[in-house]
Structure formats: C-alpha cells, structure tokens
Amino acid sequence: MSEDVTDGAIDELREYAERHRETLYLLLRGLSADTRRHWLRSDLWDHYVDFLAERGEAPADGPLTRFVAAAEEAVVDAPWLGFSVRPGVGFRYYLRINAETLHIDGLDVSEFLAYKERMVLAQPELPWQLEFDIAPFNREFPRLEEARSIGRGVEFLNRRLSSQLFQESGRRAKSLLDFLRVHAYRGQQLMLGEQIRDVAALRTALRRAERALAHQSPDTPWSTLAPLLAPLGFEPGWGRDAARALETLRLLSDILEAPDPAVLERFLARVPMIFNLLILSPHGYFGQANVLGRPDTGGQVVYILDQVRALEREMRARIEAQGLDIEPNIVVVTRLIPEADGTTCNEPLEPIAGTRASRILRVPFRNPEGDVVPHWISRFEVWPYLERFAGEVQQAVTMELDGRPDLIVGNYSDGNLVASMLASRMGVTQCNIAHALEKTKYLFSDLYWRENDAEYHFATQYTADLIAMNAADFIVTSTYQEIAGTDDSIGQYESYESFTLPSLYRVVRGIDIFDPKFNIVSPGADADVYFPYTDQARRLTGLHDELRELVFGAPGAQARGCFEDAGRPLLFTMARLDRIKNIAGLVEWYAASERLRGQANLLVIAGHIDPGASDDREEQAQIEHMHALFDRYGLDGQVRWLGMRLDKMLAGELYRFIADLRGAFVQPALFEAFGLTVIEAMSSGLPTFATRYGGPLEIIVDGVSGFHIDPNHGEAASDIMAGFIERCAARPGYWEQIAQASLDRVASRYTWSLYAERMMTLSRIYGFWKFVTNFERAETRRYLEMFYGLQWRPMAAAVAERPQG
Ligand code: UDP
Ligand code: LCN
C-alpha cells in the first residue's frame, strides 16, 4: 500500500482516538483482557459487535468500524496491540496501539512479525532473526499498479515494454532481430538467417519479401516460396502458405513501424519456438488408471493429463500453420515407484492416451546410498529426494528429448522446485503451476510450524515455494483469488508476501502479487468425457444399468446406506476423503437439517467404507467419522455412501445421470484451490453448490450459474440447498435455467482449448521478453541459490519419513 494511503488511515484512527478515547480504550481493554493473544478477522469483528451490543449500539460507518472491519490480525503484547490491516485486495499496513495511552504508531512488516514471534516463542525480546526479502531485487522491474490488473501480467508487459522496443538507440530492436535469428530445430535454422545483420537490413528484406509474395496465389505452399525467400534471409517458420507467410511478415513490419502490444502478441504467438515441453509432477501416484482418489493424487493428475492433450493439439496446430513438419514432443516426468500397488507407476515410460507422442517418463527417487526408494511417499515427505532426482531427470530428459526442452512447467511445490533447478541449469524458461499452496489450507501452519513439523514439514515446503515462485519466469494460476484473494480473504500467493516461521526466518517480502509474472489461465474439463446431459447422441446409455445399481442398489462391501424413497431429488458429492474436502461436514449438515433431509437424498462417493482399506491416516480418521455420523443420525435410509473410485467415463455419465434425475452437485470443502469436480458437474449441466472459499467463488456466479455455500455455516448451506429444491418443485423450468447458465459459464471461460491457446502464447511472450530485456534476474538467482543451499538443503535433509498406517 502506498505510504500516503497508510498514513492517511493511521491519521484517521489517531483523530478518532482523540475524540473517542473511552470507546477505543474499552474496546482494546476487552481484547487485552481476553485469554487469546492472537485474534483473526472474524473474531475481532465478533468481539467488536458484542462490545457495541453491550452498549446498545451496532456497527455504524466510521473510522473505528472501518478499522476493525479491515483488521485481519491482532497480536496482544501488553500494553501494545499490533495489528495487520488489509482494507482490500492488494493493500496491507501494520500499526500498533497502546491499550493504556492509546498512542498509535505505524509498524513495518518486520516489527509486526516480531510481535507474532514473541507470542509464539513466549520470549520478551528475540535475538537477530534472518529475513528473506526479495524486494530489492525487483526494484528495476516493471510492476503492475492496479489490483484489478493482477493476473494479467503478459498484457501489462506487452503494453509497457513494446513502447520501449525501439528506445535506447534501437538496442532492443536489435535484440528482436537477434531473437528471430536464434530459433532452430535440430540443425534447421528457422525464421531469419545470418545474412540479415541489422534492423535496416531486416526492413529492406521484409519489403522485398512482401513484394515477392504479393504475386503468389494465397495457397502457394512454403516449399514453393522457400527458393524465393531464402536468398532474402527468410528461413522456414513464417507460414505454411503464401497467405499465412505474408500475414506474418506484415505483422513484423508493423511492429518495426510502430510497436503495438496487440500486434506484438499476434506475431509472437506465431514464432515457432516450442517443440519440446517438459512437465514435472514428481510425487506419486501419477498414472492414467487406478490412481485417482489416492491420498495425494487428485485433480493435479487430471489437470496435467488433460493439459498435455490440449497442448499437444495446440502445439501441432501452430507448428503446421507455420509450415513446419515437426512433431511436438511432450514429456511428463514423475517418480518411478517400484511397489506400484496395481498402478503403472513402476513403468519407466508410458504413452499418454489421446495423444500422438506424449508420454510419462518415470525416474526413481534414490536414498543417499543410491538405492531406489521402492514405496510410495507422501507429498509432505518427498523433500530429501528432490535434488538427486533433478540430476537424474536432467540426464533422462536430455536423452528422451534428444536435447533440452523449450519450456519447463512445474506442478505443486515439489515439481516447481525441481523445475527451478532444471530451468536454471539448462537455461530454459520456467513456468510454475501451484494447484494448491498448502499455506492457506492449514491455518497457522507457518506460525506454529514446529508443532506440526514431524507430520507435515510445512517449513520445508514453504521454503521450497519461496525459492520456486521467485525463480519462475511466469506463474499460471487457475483463478484471480489464487493470487490476490478477495476483499475479505487472503490469496494463496499473497500469503507468501510476508509471514514468519518463528526462530527459523522471517519473510519481509516473499513474493509480489503485483509482479507481471502472474497470469490467470484457468483449466477446463475433458470435453470428450464431461459434456451436457442434453447431448443425447453422445450419451453412454450402455452404462445406465450399472449406474442405476450404483445409485439405487443395496448396501454392500463398498456401499453403506440405500435410499428408502428413491423418488426424491438427489444431492451428489464426490471427492477424496480428506478433512479439507469436508465431506463428513456435508453429511452432518444434511443429517441435522430437517428441511433438507425431509425432501432430498444424498449420494456420496469418497474414500473407502472399510478403514482397513486405507493406508492414509487422515483418510482413516474421516472414514471412522463418516460411520459415526451414519450411526448417530440414523442415515442409512437417506444417505448412500460409495467407497470406491469410478473410472472417468463412468463418472462422466454419472453426473449426467444425476442431471436426468434433476439432482444437484455439492462441493462443501473448507477450502478448494480450484475445484475440477465443480467444472465437471457444471459442464454436464448439473446445478452446483460449492464452497465460497477458493476457486468456486470465482467459477460460479452465485444464484445465476450455481450457488455459493459457506462451509462454516452448515445450517445456512442446507437452507440454500433446500430452498433450491423447493423452488424447482414450485417453478417449472428453474432447474433447467440454472443448468443452462452453468453450461454457458463453463463454455465461455473454463475450457482446455482456451487454456492451451493462452498457455502457448504466454510461453512465447515470456521467452521473448526474457531474451530481449535480459530478464534473467541473475542477482535474484544468486540470492535464491544461497537461500537454497544454506536454508532449504539442511531442512530437507532432516525430513524423516513417518511410517504410514
Ligand atoms: N475424482 C475421481 N474419483 C474420486 C475422487 C475424485 O475420479 O473418487 C476425480 C474428479 O473427477 C476430479 C479430480 O479427481 O477430476 C479431483 O479434482 P479436484 O480439483 O476437484 O480436487 P483435488 O482432488 O485435486 O483436490
Ligand atoms: C489441486 C486442488 O486442490 C484442486 O482445487 C485443483 O482443482 C486441482 O489441484 C487442479 O489444479
């Protein structure tokens, strides 16, 4: 936040304190007297409301209400209270108030974090604390100004930098020329040859080439054009025929005349520079069958496999359009797990279904002695293996791709760290995809890292995240709020801006969410599998008997409960049985709501029925909890719980089958980073109720293309669902209206073809700007290397695996 605005806000509060000493004093007194020393936004607000209520008042607009509403955290360190204040997306400041004198000071972030550290460590003064601060390294780099522009980094870069292309005595224009001469594929020079030595020569050559092409019929193939253009310095890559080549040439001459950001983007989108792609997803299980629903294997695997299919198609289309006969080469690297438990994760190479040449390459983890680690390892415990893994991957990939990749995409904390190592060593553009940053999922996991360290190793993970997100050339996110949150909730990346791992180190500026490296590119759902229930010709009606049995069958080894009244509307949920998915929460809301229970059935697909069938502690606990709820509330006649994983085609048809029955889908997670099941349900035309914490808040327009529910207010969530069912019964066409709006919403924003198109354009543009502006960020890289070596490595080495089960 700018200093002016911060000072203004603090001055406003000071003035208030002068005029209303008693109110402020009593409010702070109440906070200080409480046993809690750490207050979060909702607790602070509730305390304020109660405080006013005791005085017969209610919150009214004014400086104090504004302050309390924006305060996201308070730490009591008597007589002081330190506050972190976040008035809206992208802005935060800190202050402290003396509860006795009402003196108010602005704080810097370190001072505020020190309050938190003292609270956790229960020490009055702390010795010197290591600070991580990336800000000085970013001073020279362009930064967005407006919160609403966050996540549109490439547009900003194009606007900002294209105007500078020809400043600095044409130095950058020369780098554009160099950039166009650098492309080659297996010894074949592309775009421009050596003979065009300067920008003047390029302009002349372009004019001549345009003249030469103007006389050709538009469909003349490149092979016929090549002899005309090669002497002028033009190599293959301009277009498959005269029409396309002429267009590409004209785009370039337009840029040389007056660099317009949109033209620059269109031109760069055509430059043939991505043939070999490396995607990293180290932790397992990563495979194509029998892996979904396992503890760490959820949407990320679905995402990557669909992404590969879409990217291969897009890469091929672009390569062909530019007149090149080159096969795109995509390799997804994961770990090889010898004890593969019925999956293919012990196979070194596996072709990816639905692609021509893409494949999964598996490289084992090795222990320090060099032996292959045979068993599955939780994603929280992979850290000690990654450095060695990266080394082996580099060798294996260089052989597999017969050279180096043109782009490296990391996934999740482990993949992004390995991507950073490889991209830096191989000199390749790096893209990060988080899927889920655990920090916002687990409350206080940074502050109380020590308490959970034996199980989760969050400090090691967040250190890896810091290194990887700062090393990345660009970061792709699924939603806006993944970066910057909402006005009243913090973004996943934003949570890395400043935090503390008490006694380990303090993060003063971990990442800047205004950095143009952030781009929102949302995934979709496989359109061959998840399509509208109305698309009768494509429906898999042959599966309906099986589905009927699944939904309405009798209890069994993999099913608990069966519907007494099968004619009722059906609410459906499907997820891994993690605590955060809150499936048991949904079951409990349903059980406790007479209104809902009285008119709908609930179908749950999650985990296993038998706790012995699970080898994951968290899942076992959830299974026990589910059984307890069934018993306590007598749910066996209204809730049916299937403890199984459906294959993709069956799951796809199940969403539509439930749509035929005019049911609805529910995603009740406490937090959901994005939520592929929400997209799957909506693409099937199934009205969806989904958590307002995370991606679904953005995916669904509440009341139009589905409904938001608050997992912390189960009763209200039940009422929203019951209200919908009642409305459908009372108003013919209402269900169809929501279904259609869901389909429209997904088609306009959440498809893999939109994704692939954007991703391929982004990679070229970042590659371009990296080349022409020397975005190498060598100083940052050196700083991160030191942090890696001195901070992360010893932490990773100390991570000991815990026995499962
Ligand atoms: N899924 C599945 N079987 C299950 C649970 C989930 O096939 O028992 C699939 C689901 O269809 C979706 C993915 O796994 O494609 C879950 O992705 P999502 O983003 O919803 O959540 P995640 O598991 O990644 O947290
Ligand atoms: C991980 C998650 O937790 C989900 O919310 C996402 O949809 C999935 O990855 C794919 O990005």
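Every chain is numbered on its own, with residues counted from 1 as its sequence reads. The order in which chains are written sets their letters, starting at A; the order in which ligands are written sets their numbers, starting at 1. Per-residue local features of the predicted model are confined to residues with pLDDT of at least 70, and side-chain atom pairs are confined, for both listing and counting, to 80 or more; whole-chain, interface and lining totals are unaffected and use all residues.

- Per an unreviewed UniProt entry, the protein goes by the name Sucrose synthase and belongs to Acidihalobacter prosperus.
- UniProt positions are given in the numbering used here, feature names are shortened, and annotations may be inferred rather than shown by experiment. Here the protein is described in UniProt, under the heading Sequence similarities (unreviewed entry), as follows: "Belongs to the glycosyltransferase 1 family."
- Under Catalytic activity (unreviewed entry), UniProt gives the following word-for-word description of the protein: "an NDP-alpha-D-glucose + D-fructose = a ribonucleoside 5'-diphosphate + sucrose + H(+)".

1. Description of the site of ligand 2
Part 1 of the reasoning: Every one of the 13 residues lining ligand 2 counts as a neighbour, but Gly 299, His 435, Ala 436, Ala 673 and Phe 674 are closest to it.
Part 2 of the reasoning: Taken together, the residues of the shell around ligand 2 sort by class into five nonpolar, seven polar and one charged.
Part 3 of the reasoning: Taken together, domain 3 (276-524 + 755-801) and domain 4 (536-750) each give at least three residues to the shell around ligand 2, which thus spans both. Any residue qualifies as near a molecule or strand once its backbone-derived C-beta atom lies within 6 Å of it. Residue classes follow a fixed rule: Ala, Val, Leu, Ile, Met, Phe, Trp, Tyr, Cys and Pro count as nonpolar, while Asp, Glu, Lys and Arg count as charged, and any other residue, Gly among them, counts as polar. Where a domain begins and ends is set by an automatic assignment or by a domain database.

2. Topic: the domain arrangement of the protein
Part 1 of the reasoning: Segmenting the protein into domains produces domain 1 (3-107), domain 2 (164-258), domain 3 (276-524 + 755-801) and domain 4 (536-750).
Part 2 of the reasoning: Of note, the centres of domain 1 and domain 2, computed from C-alpha atoms alone, are 62 Å apart.

3. With respect to the site of ligand 1
Part 1 of the reasoning: Taken together, 18 residues are adjacent to ligand 1, and Gly 293, Gly 298, Gly 299, Leu 676 and Thr 677 come closest.
Part 2 of the reasoning: Every element with two or more residues in the shell around ligand 1 is listed here: α13 (299-321) and α25 (676-684).
Part 3 of the reasoning: Residue classes in the shell around ligand 1 are distributed as nine nonpolar, six polar and three charged.
Part 4 of the reasoning: Residue-level mapping places the shell around ligand 1 at the junction of two domains, with at least three residues from each of domain 3 (276-524 + 755-801) and domain 4 (536-750). Secondary structure elements follow DSSP: runs of H or I of four or more residues count as helices, runs of E of two or more count as strands, with numbering from the N terminus.

4. Some points on the sheet that holds strand β22 (residues 639-642)
Part 1 of the reasoning: Pairing is mixed in the open sheet, where seven strands are placed in the order β19-β22-β21-β20-β23-β24-β25. If you trace the sheet from one side to the other, it starts and ends with β19 (559-560) and β25 (707-709), each paired once.
Part 2 of the reasoning: Judged from the three bridges that link them, strand β23 (residues 664-667) and strand β24 (residues 688-691) form a sheet pairing that is parallel. Directly across from Phe 665, in β24, lies its bridge partner Thr 688.
Part 3 of the reasoning: Once C-beta atoms have been placed from the backbone, residue pairs whose C-beta atoms lie within 7 Å are recorded as contacts. Only the stretch in contact is used when a helix axis is fitted, and all axes are lines through C-alpha atoms; the angle between N-to-C directions ranges over 0 to 180 degrees. Contacts from α25 reach β20 (570-574), β23 and β24, with the element oriented near 165 degrees to β24.
Part 4 of the reasoning: Helix-sheet contacts for helix α27 (residues 714-730) involve β20, β23, β24 and β25, and the interaxial angle to β25 is about 155 degrees. We treat two strands as partners when DSSP finds at least two bridges between them.

5. Side note on the sheet that holds strand β1 (residues 38-40)
Part 1 of the reasoning: Judged by pairing direction, the sheet is antiparallel, and its five strands sit side by side in the order β1-β2-β3-β4-β5 without closing on themselves. Since the sheet does not close on itself, it has two edges, and those belong to β1 and β5 (104-107), each with one partner. Pairwise comparison of adjacent strand axes, ignoring direction, gives a mean angle of 20 degrees for this sheet.
Part 2 of the reasoning: In this structure, strand β3 (residues 80-88) lies alongside strand β4 (residues 91-98), joined through seven bridges in antiparallel fashion. Residue Gly 88 lies in a different strand from β4, and its bridge partner there is Phe 91.
Part 3 of the reasoning: In the packing of helix α5 (residues 109-121) onto the sheet, the strands contacted are β1, β2 (71-77), β3, β4 and β5, and the crossing angle to β2 comes to about 60 degrees.

6. Digging into unusual backbone geometry
Part 1 of the reasoning: In this structure, Pro 79 follows Ala 78 across a cis peptide bond, with omega equal to 5 degrees.
Part 2 of the reasoning: Structurally, Pro 79 can be placed in the loop between β2 and β3.
Part 3 of the reasoning: Following Gly 284, the chain continues to Tyr 285 via a peptide bond in cis, the omega torsion being 5 degrees.
Part 4 of the reasoning: Secondary-structure assignment places Tyr 285 in the loop between β9 (276-280) and α13.
Part 5 of the reasoning: In this structure, Tyr 412 is a non-glycine residue whose phi angle is positive, near 60 degrees.
Part 6 of the reasoning: Note on placement: Tyr 412 falls in helix α15 (residues 412-426).

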